[in-house]
Amino acid sequence: MPVNPYDYFTHQVTSPAWHWEIVWYFFFAGIAAGTYITSTIAQLAGSKNDLQGVIRGYLIGFPVILICGILLVTDLDSPTRFLHMLWYPRENIPMFKAHSPMSVGGWVVGLFGAFSFIGFLYALVKMEKIKTPWLVKLTSFFHESAFSKLFLIIGMLCGFYLGTYTGVLANTSQLPGWTASPLLPVLFLASGMSAGMALMLLVTPKKSELNEYKHKLERADKYMVILELVALALFLITLGQWAGKVTTGFYGFLLWVGVVLIGLLLPLLLKWKPNLLGHRTTLVSSLLILVGGYVLRYVVIMGPQSGYFGF
Amino acid sequence: MAEQQMGMFVDTSTCHGCKACQVACKEWNELPMEDEIKFLGTSYDNTGHLSDTNWRHVKFVELFSEDRSDARWLFLSDSCKHCQHAGCMEVCPTNAIIRTEFDTVYIDQDTCIGCRYCITGCPFGVIEISHISGTAQKCTLCYDRLQVGQQPACAQACPTDCIQFGEVSSLMKIAEEREVLLKNMGHSKAQIYGKSDILGGLNVFYMLTEEPKVYGLPENPQLPQKNMAKSYMFSVAGMVAAGVLALLAFRSKRMSQKTDIDQDQSHVV
Ligand code: SF4
Ligand code: SF4
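About the criteria used
- Residues numbered from 1 in each chain as written.
- Chains lettered and ligands numbered in written order.
- Predicted model: local features only at pLDDT ≥ 70, side-chain atom pairs only at ≥ 80, totals over all residues.
- Heavy atoms only, no water.
- UniProt positions renumbered as here; feature names shortened; annotations may be inferred.
- Helix = DSSP H or I, 4+ residues; strand = E, 2+ residues; numbered from the N terminus.
- Rg over C-alpha atoms; globule rule 2.2 N^0.38 Å.
- Buried < 20%, exposed > 50% of the residue type's maximum accessible area, 1.4 Å probe, protein only.
- Contact = heavy atoms within 4.5 Å.
- Areas by Shrake-Rupley, 256 points an atom, 1.4 Å probe, with all protein chains shown as cover.
- Domains from an automatic or database assignment.
- Salt bridge = Lys/Arg side-chain N within 4 Å of Asp/Glu carboxyl O.
- Polar contact = N/O pair within 3.5 Å; in protein donor to acceptor, adjacent residues only side chain to side chain.
- Near = heavy atom within 4 Å.
- Nonpolar A, V, L, I, M, F, W, Y, C, P; charged D, E, K, R; others polar.
- Pairing = 2+ DSSP bridges.
- Buried area = accessible area lost by both parts, 1.4 Å probe.

Chain B has the name 4Fe-4S ferredoxin in an unreviewed UniProt entry, where Effusibacillus dendaii is given as its organism.

Where an unreviewed UniProt entry is consulted, chain A appears under the name Polysulfide reductase, with the organism given as Effusibacillus dendaii. Per its UniProt entry, chain A bears the Subcellular location (unreviewed entry) comment "Cell membrane". Per UniProt, chain A has the following entry under Sequence similarities (unreviewed entry): "Belongs to the NrfD family."

Here is the structure:
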């Protein structure tokens, strides 16, 4: 008697029903990480002239991670208890579980907040918006002294964790479409970096002394879009039988049109042919990358949840 | 290790689907009805799944022959399995999921923040968040009753003794004898689901008369952490790739800097 018309399998796994707050959080976390990593790399390896542009990158990370924090808290079903993530009230000790990516992620969001806050102040000091002597001293200690290299590298590593752990979070679950491919963190990182760089291009003013920096940023963004394309292809291959969750139907449409065409191929074309849209090329390609970055997260978070109880 | 390892043996071969356990659980734990009473359209089972308000659920599995001339019903009184290696507990970022002195898995309602991560960690789809409490909910194995020496409400209500409560090792002996008996009676597929090969052992384990997948039970459930090392490894590879590419784009090429600037001005407007 082999036929069981009641497919219990799909009922057995329950979806966490992560909704729009988490999609936006994953998107903004990618941007915060992308802008900070790019700024630190540019400060460490770029030329002196790049610094003018780099400081504008530092202006983005902190406000964006603040939005992330708000989204994270409001998404909780008991938001007033959000501190339990960092503090265990039963024993009055810090709450840290190395084998729970969400627990580590909670700490890294806080730590990244501190690094990006100092970067933010540094940018304001450099732009002469802050002139308080001790703040000037403090920020230049962290960003310009002999110790600054170590500071920037640790901050960058925090950014890298922030940019990838959302993928690890989904990987450590029971939803087949989230666990099948270990490339999810790489995909999220590449997309976060390219979206971050796109945003940095948008906030870089048109000054001839920034042309070299802008050129480098465009080039870096192009590399990230290519990395994202490769990561996406490998992700879809490694999804195996679960690829249909994101490649067909409504989510499939969003993936092929919203992510591949609008978010990756068109911007890549514009980066290869920078004169195609005249002076609007950078603006258009950056906006397309940002839209694609959001849609990618929407597809990857929502698609695999569809069809399971709870969603 | 807990003081006692208490659990349940659910013998599906004697369950006749009366749902007395489901009702007893609702009554004792004061779990509300769901908003609407629905017919699933695919089964006589009208509950469908475990949830924040259904901590116990009697699954109806209707089996039909190819030509649908013959039918057979299987019943499985389902709940949290109180796993030895509990995925929900592994992932919970707040330590809200704890192991009690009875070796059962319990959600501390005062600590849970409602992040929903445990839902993704359970391979059996047991947990759901309550809209009323804003916290994760599932079977507690009637922790309050255990503390005063009583058995869980479902086990007490079961009219066929299909749900037996007690020390896991003694229950396992009963189950093994039962398995032999069922096989002798012609149930060739009779098997215990929840020995140490399944997540280190389930404190609430089952006697099945068909393959686990027929009941919607995963054949080889895994801890969600199984993927973590590989996932972190790829993360590091991604970091190196992204880092090197950004570095290539930004490094100061003193020799070629001038060319860069020239190119730049011709390209970027
Ligand atoms: S069955 Fe699910 S909810 Fe129950 S202990 Fe195991 S993992 Fe946790
Ligand atoms: S919802 Fe509650 S029990 Fe579940 S993982 Fe989050 S804090 Fe832990």
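**Student:** I'm lost on the overall build of chain B in this one. Help?
**Tutor:** In terms of helices and strands, chain B carries eight helices and ten strands. Taking 18 Å as the expected radius of gyration for a compact globule of 269 residues, we find that chain B reaches 26 Å, considerably beyond that expectation. Looking at the 269 residues of chain B, the share that counts as buried comes to 57%. Put simply, of all contacts in chain B between residues at least 6 apart along the chain, 58% involve residues at least 24 apart. As presented, chain B carries roughly 12,000 Å² of accessible surface, and 55% of it is formed by carbon and sulfur atoms.

**Student:** How should the domain arrangement of chain B be read in this particular structure?
**Tutor:** Often, the extent of an interface is quoted as the loss of accessible area on bringing the components together. Looking at the assigned domains, one finds that chain B contains domain 1 (6-215) and domain 2 (226-269). If you average the C-alpha positions of domain 1 of chain B and of domain 2 of chain B, the two centres end up 52 Å apart.

**Student:** I would appreciate a short explanation of the UniProt feature "transmembrane region" (unreviewed entry) in chain A in the present structure.
**Tutor:** All names here are of chain A. Under the feature "transmembrane region" (unreviewed entry), the UniProt entry names residues 22-42, 54-73, 104-125, 146-163, 183-203, 223-244, 250-270 and 282-301. The span residues 22-42 is 100% helix and 0% strand, and its two end C-alpha atoms sit 30 Å from each other. Its end C-alpha atoms 30 Å apart, residues 54-73 is made of 100% helix and 0% strand.

**Student:** Looking at this model, I keep getting lost on the pattern of salt bridges. Mind explaining?
**Tutor:** Pairs can form between side chains of opposite charge whenever their charged atoms are close. Enumeration according to the criterion identifies 16 salt bridges over all chains in this entry. Note that A:Arg90 and B:Asp110 form a salt bridge whose closest N and O atoms lie 3.4 Å from each other. Taken as a pair, A:Arg90 in the loop between strand E1 (87-88) and strand E2 (93-94) and B:Asp110 in the loop between strand E5 (105-107) and helix H3 (117-121) lie in two separate chains rather than in one. One salt bridge in this structure joins A:Lys271 and A:Asp221, with 3.2 Å as the shortest N-O distance. In this pair, A:Lys271 sits in helix H11 (residues 249-272) while A:Asp221 sits in helix H9 (residues 211-239), placing the two residues 50 residues apart along the sequence.

**Student:** I tried to follow the environment of A:Thr248 on my own but got confused; where do I start?
**Tutor:** By secondary structure assignment, the location of A:Thr248 is in the loop between helix H10 (244-247) and H11. A polar contact of 2.6 Å, which involves the side chain of A:Thr248, links it to the backbone oxygen of A:Gly244.

**Student:** Hey, could you run me through the site of ligand 1 in this one?
**Tutor:** In the neighbourhood of ligand 1, 14 residues make up the surrounding shell, with B:Cys80, B:Lys81, B:Cys83, B:Cys88 and B:Cys122 lying closest. Residue composition of the shell around ligand 1, by class: ten nonpolar, two polar and two charged.

**Student:** In this structure, what is going on with the site of ligand 2? I would like to understand it.
**Tutor:** In the vicinity of ligand 2, 13 residues are found, and the nearest of them are B:Cys92, B:Thr94, B:Cys112, B:Cys115 and B:Cys118. Among the residues forming the shell around ligand 2, the class breakdown is ten nonpolar, two polar and one charged.

**Student:** Before we go on, may I ask you to explain the pairing of strand E2 (residues 57-64) of chain B in this structure?
**Tutor:** In regular strands, side chains alternate between the two faces of the sheet. Residue and element names in this part refer to chain B. Of all eight residues in E2, eight are buried, a share of seventy percent or more. Direction of pairing for E2 relative to strand E3 (residues 71-78): antiparallel, over a ladder of eight bridges. The residue of E3 that forms the bridge with Val58 is Ser77. Between E2 and E3, which pair antiparallel in sequence order, lie six residues; one of them, Arg68, sits at a positive phi of approximately 60°.

**Student:** When you look at the interface of chain A and chain B in this model, what are you seeing that I'm missing?
**Tutor:** Each partner contributes residues to the interface: chain A has 76 residues there, and chain B has 93 residues. Taking both sides of the interface into account, the surface hidden between chain A and chain B amounts to around 7,100 Å²; carbon and sulfur atoms contribute 60%. Scanning the region where chain A abuts chain B turns up three salt bridges. Its salt-bridge partner being B:Arg116, residue A:Asp77 comes within 3.0 Å of it at the nearest N-O pair. Breaking the side of chain A that touches chain B down by element, the ones donating at least two residues are helix H1 (8-12), helix H2 (20-45), helix H4 (101-126), helix H6 (148-171), helix H7 (176-179), helix H8 (184-203) and H9 of chain A. The element contributing the most residues to the side of chain A that touches chain B is H9(A), with twelve residues. Partitioned by chemical class, the residues of the side of chain A that touches chain B number 42 nonpolar, 24 polar and ten charged.

**Student:** Mind showing me how you'd approach the UniProt feature "binding site: [4Fe-4S] cluster 1" (unreviewed entry) in chain B here?
**Tutor:** Residue and element names in this part refer to chain B. When the UniProt feature table is mapped onto this chain numbering, "binding site: [4Fe-4S] cluster 1" (unreviewed entry) sits at Cys15, Cys18, Cys21 and Cys158. Spanning 144 residues, the named residues form one tight spatial group whose C-alpha atoms are at most 10.5 Å apart. Relative to the elements of secondary structure, Cys15 occurs in the loop between strand E1 (6-11) and helix H1 (20-28). If near-sequence neighbours (up to four positions away) are discounted, Cys15 is found in contact with Val58, Phe75, Thr160 and Cys162. By the element assignment, Cys18 lies in the loop between E1 and H1.

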